[in-house]
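Results of the structural survey
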Amino acid sequence: MAVKRYKADADNTIVNTYKSNLETRATGSNSGYADVMEVYSVYGRQSSGSQELSRILVKFPVSDISTDRTAGDIPVSGSVSFYLRLFNAQHSKTVPEDYTLVVAAISKTWEEGVGLDLETYKDDTKGKFGSNWITASAGVAWTAPGGDYLNSADYVYTQDFSDGLEDVEVNITPLVERWIAGDQTNYGVGVRLSASFEALATAADTSADSSVVTNTAGATTSYYTKRFFARGSQYFFKRPVIEARWNSSTHDDRGNFFYSSSLAPELDNLNTIYFYNYVRGRLQNIPAIGTGEIFVD
């Protein structure tokens, strides 16, 4: 099995949570330069029925994948799978259990931003560079608070979490192939709790607060908090990636092996023989002796 990784080139956590005063929402908060990303849902903390959510945005350099395919470094479509990998970040807070995360293609360009604060949410980007809960980029709002996402089957994926500490490992091959083919512009993916685990909110809640996401089938319990390492993490191998995976093994055809014969078609007289030179368990080149030719009998 061969694996090639493509590291994220942008990520951010966006929230509609209340700040510590429980009066002001941190909808302008940005954490594009933080070393972790966070997903959670909190129900009823500020008042009975209040909703507080956190979602992740992450984008990858699909142009690099296309370049590698053209160069033959990864196989053609149908012979390779692409997996989204996000790695669990341990922390001292509670961790939710038994929930489902949704991975959905983002449908609008967005800016990463340079915020760091995931505790007090003091890094506001309202009207400035960087995405947040309300705006995708400076002066450009999302169509709906919390981000714009595609909803059809090839653009939405899920993963269940039992103990809550698992990594994200989701096969998103159809989406990546659409990005490569140019059938869909690459804006990355959003990661959030599924609707049944994000907090309940009615249309009345939405009309009273434009940052609330209507969710009439939502949860009345909280799921706080799931964290992943971000692309700015010091742990290089824990940063978010898309993994290209394919079978790179070479198989023989010993059941269809012909001894040279004038009675056989010309191509059937041609055979390729592979052998591997291991020295103490490691592959080693065979040194050239004389002409460097190896004869087989």
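Reference entry: report on the structure contained in this document. These figures come from a predicted structure and were not determined experimentally. (Residues numbered from 1 in each chain as written. Predicted model: local features only at pLDDT ≥ 70, side-chain atom pairs only at ≥ 80, totals over all residues. Heavy atoms only, no water.)

**Here we look at the pairing of strand S11 (residues 189-193)**
The element S11 is extensively covered by neighbouring structure, given that five of its five residues are classed as buried. Taken together, the three bridges between strand S4 (residues 51-59) and S11 define a ladder with antiparallel strand orientation. Each bridged residue has a counterpart across the sheet, and for Ile 56 the counterpart in S11 is Val 191. (Buried < 20%, exposed > 50% of the residue type's maximum accessible area, 1.4 Å probe, protein only. Helix = DSSP H or I, 4+ residues; strand = E, 2+ residues; numbered from the N terminus. Pairing = 2+ DSSP bridges.)

**Digging into helix H1 (residues 62-70)**
Structural remark: α-helix, 3.6 residues per turn; residues separated by three or four positions point the same way. What H1 keeps buried is the set Val 62, Ile 65, Asp 68 and Arg 69. In a view along the axis of H1, the buried residues occupy a sector of 115°, so they form one face of it. For H1, the exposed residues set more than 90 degrees away from the buried face come down to Ser 63 and Thr 70. Close packing links the buried residues of H1 with strand S1 (2-7), strand S5 (81-86), helix H2 (173-181) and strand S13 (241-246). Just downstream of H1, Gly 72 is the residue with a positive phi angle, here 85°. (Arc of directions from axis to C-beta. Contact = heavy atoms within 4.5 Å.)

**Description of the side chain of Ser 194**
Residue position: Ser 194 is located in the loop between S11 and helix H3 (203-208). Residues contacting Ser 194, with those up to four places away along its chain left out, are Thr 100, Leu 101 and Val 102.

**Some details on the sheet that holds S1**
Backbone-to-backbone hydrogen bonds join strands into a sheet, with any given pair of strands oriented parallel or antiparallel. Pairing is antiparallel in the open sheet, where four strands are placed in the order S1-S13-S5-S10. Among the strands making up the open sheet, the edge pair consists of S1 and strand S10 (168-171). Shown here is a sheet whose adjacent strand axes are inclined to one another by a mean of 25°, direction ignored. Relative to S13, S5 runs antiparallel, the two sharing five bridges. Bridge assignment links Leu 84 to a residue of S13, and that residue is Ile 242. H1 rests against S1, S5 and S13 of the sheet, and its axis sits at about 145° to S1. Packed onto the sheet, H2 meets S5, S10 and S13 and runs at close to 110° relative to S5. (Axes fitted to C-alpha atoms, helices over the stretch in contact; angles between N-to-C directions.)

**A word on the layout of surface pockets**
Of the voids in this model, the second largest pocket is the one considered here, and its volume is about 180 Å³. Around the second largest pocket, the lining comprises 15 residues; the ones closest to its centre are Tyr 18, Arg 45, Glu 119, Tyr 121 and Tyr 224. Of all the elements in the fold, those that place two or more residues in the lining of the second largest pocket are strand S3 (36-43) and strand S12 (223-229). (1 Å grid on protein atoms, 1.4 Å probe; cavity = no way out; pocket = protein on both sides within 12 Å on 5 of 7 lines; lining within 4 Å. Points joined across faces, edges and corners; volume = space filled by probe spheres on them.)

**A word on the side chain of Thr 100**
Within the fold, Thr 100 resides in strand S6 (residues 99-105). With relative accessibility at 13%, the residue Thr 100 sits in the buried group. Look past the residues within four positions of Thr 100 in its chain and what remains in contact with it is Thr 158, Gln 159, Asp 160, Arg 192, Leu 193, Ser 194 and Phe 197.

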